[in-house]
Amino acid sequence: MAPVQWPDAVDEVIGGDLTAALAYVTPAGGAVVMAVAPIGLRDREQGTVSFTTSLGFGRKLDRIERDPRVALAYHAREHGHSSSSRFVLVQGSARVIKEPDRDYLDFIGRQATPFMGPPRSGVFWDRWLSAYYADRVPVHIAVHRIVSWPDLRCAAEPEVHGAALPDGPPPQRPPAKGTGPRVDAAKAGRALAKLPHQLVAFTGGDGHPVVLPVHLAGADAGGVKLSAAAGLLPEGGRRAGLLAHDYRAKLIGLAARQHTGWMEVDGDRALYAPHTASAFRAPANKTLLLLANGFLARRGLKQAQRAQAQVG
């Protein structure tokens, strides 16, 4: 099958956004969504887009390798190189490169510089950050479909490149432990509302994750209230991931909150019951951020090495 091709208007977004939302499928048929930095990685001739991640995220990589259907949503224009108003959703099949060659790692460094600035160098930084760069692995996504809306709310009709859109996913069977919140939904809603970019992810009609923008409309003990453009979210109940995040130039200072849970949709409104919660905040200081990155990378590499030794 010929690689999926996309127009210049879409490529401007893919090549210019500093951050994107990655979603992958869970064993229970839900989706996890998190922020990644794709730094413009793509190959239009081969029909692929890419991002890098850490070997320390072994669980994420294992799940992607077990079910390679993923999605990247290019949804935010701050601090990147695109001024487009488009929301671009890329769906495809991922391939994790756990042992990239030196040339490709050097290429990633050059590709990242316009987004992140030149890397720190010197005797200390070269040694401290060596684990960080060794810890990065590329993930290449063979594009199956690109859905592009002309507006970031996804309120207008989308354009589709590649495979035709499937029928909307039917409601899912409720989890055995019930659909209600398992963490403090009111508290979660207050924290999520402080972060400007809010997205929900779920499994689409063909099994690929779907990532779409939502807006927090309140929260109480019963769940987090969401709104979306008319007709955007599929009716009924389903497992879903929720992400809210914020970031600054060169990702020096960022914050993210993630949930998995159950979403009930009625028209353009949804009630989200969070079942799990995680949060991350990075310091708005480059030196502190690099020190933290080096420490986390060293820890992640050790964890990955221990896990590999146990498998072996």
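Refer to the preceding data block for the structure.
This section reports on the structure supplied with the text. All figures in this text were calculated on a predicted structure; none of them were measured in a lab.

Right, let's get into the overall build of the chain. Within the chain one finds seven helices and 15 strands. Evaluated residue by residue, the chain yields a buried proportion of 51% over its 312 residues. In the chain, of all internal contacts separated by at least 6 residues, the share reaching a separation of at least 24 is 71%.

Another point: the side chain of His208. Looking at the element boundaries, His208 is found in the loop between β9 (197–203) and β10 (209–213). Classification of His208 by relative accessible area gives buried; the value is 8%. If sequence neighbours within four positions are ignored, His208 has contacts with Arg69, Val70, Gln91, Gly92, His144, Phe202 and Thr203.

Looking now at the pairing of strand β5 (residues 69–74). Of all six residues that make up β5, five are buried, and the element is covered over most of its length. As judged from the six bridges shared by β5 and strand β6 (residues 87–96), these two strands associate in the antiparallel manner. Bridge pairing in β6 links Ala71 to Gln91.

Okay, the sheet that holds strand β14 (residues 254–266) next. Read across the sheet, seven strands follow the order β10-β9-β13-β14-β15-β12-β11 without closing on themselves; strand pairing throughout is antiparallel. Single-partner strands in this sheet number two, and they are β10 and β11 (215–220). Strand-to-strand twist in this sheet, taken as the mean axis angle between neighbours without regard to direction, amounts to 35°. With five bridges connecting them, β9 and strand β13 (residues 236–247) associate as antiparallel partners. Note on β13: the bridge partner recorded for Ala201 is Gly241. Taken strand by strand, helix α6 (residues 185–193) contacts β9, β11, β12 (223–227), β13, β14 and β15 (269–282), and its axis lies near 150° from that of β11.

Turning our attention to the environment of Leu18. Among the secondary structure elements, Leu18 is positioned in the loop between α1 (8–16) and β1 (20–25). Assessed through its relative accessible area of 0%, Leu18 is described here as buried. Residues Leu18 and Phe115 lie 97 residues apart in sequence; the distance between their C-alpha atoms is 6.5 Å. Not counting residues up to four positions away in its chain, the partners in contact with Leu18 are Val36, Ala37, Pro38, Glu78, His79, Gly80, Phe115, Met116, Tyr247, Arg248, Lys250 and Leu251.

Another aspect to go through is the pattern of salt bridges. Applying the stated criterion across every chain yields a total of nine salt bridges. A salt bridge links Arg145 to Asp206; the nearest nitrogen and oxygen atoms lie 2.9 Å apart. One end of the pair, Arg145, is in strand β7 (residues 136–149); the other, Asp206, is in the loop between β9 and β10, with 61 residues separating them in the sequence. Judged by relative accessible area, Asp206 falls into the partly exposed class, the value being 25%.

What follows deals with the packing of aromatic side chains. The full count for this structure, using the stated rule, is two aromatic pairs. Arranged with centres 5.7 Å apart and planes meeting at 75°, the rings of Phe87 and Trp149 form a pair that is edge-to-face. Of this pair, Phe87 sits in strand β6 while Trp149 sits in strand β7, placing them 62 residues apart in sequence. With respect to burial, Phe87 and Trp149 carry one shared label: buried. Positioned above the aromatic ring of Phe202, the side-chain terminus of Arg238 is 6.0 Å from the ring centre.

The rules we used
- Residues numbered from 1 in each chain as written.
- Predicted model: local features only at pLDDT ≥ 70, side-chain atom pairs only at ≥ 80, totals over all residues.
- Heavy atoms only, no water.
- Helix = DSSP H or I, 4+ residues; strand = E, 2+ residues; numbered from the N terminus.
- Buried < 20%, exposed > 50% of the residue type's maximum accessible area, 1.4 Å probe, protein only.
- Contact = heavy atoms within 4.5 Å.
- Pairing = 2+ DSSP bridges.
- Axes fitted to C-alpha atoms, helices over the stretch in contact; angles between N-to-C directions.
- Salt bridge = Lys/Arg side-chain N within 4 Å of Asp/Glu carboxyl O.
- Phe/Tyr/Trp six-rings, centres within 6.5 Å; stacked < 30°, edge-to-face > 60°.
- Lys NZ or Arg CZ within 6 Å of the ring centre and 35° of its normal.

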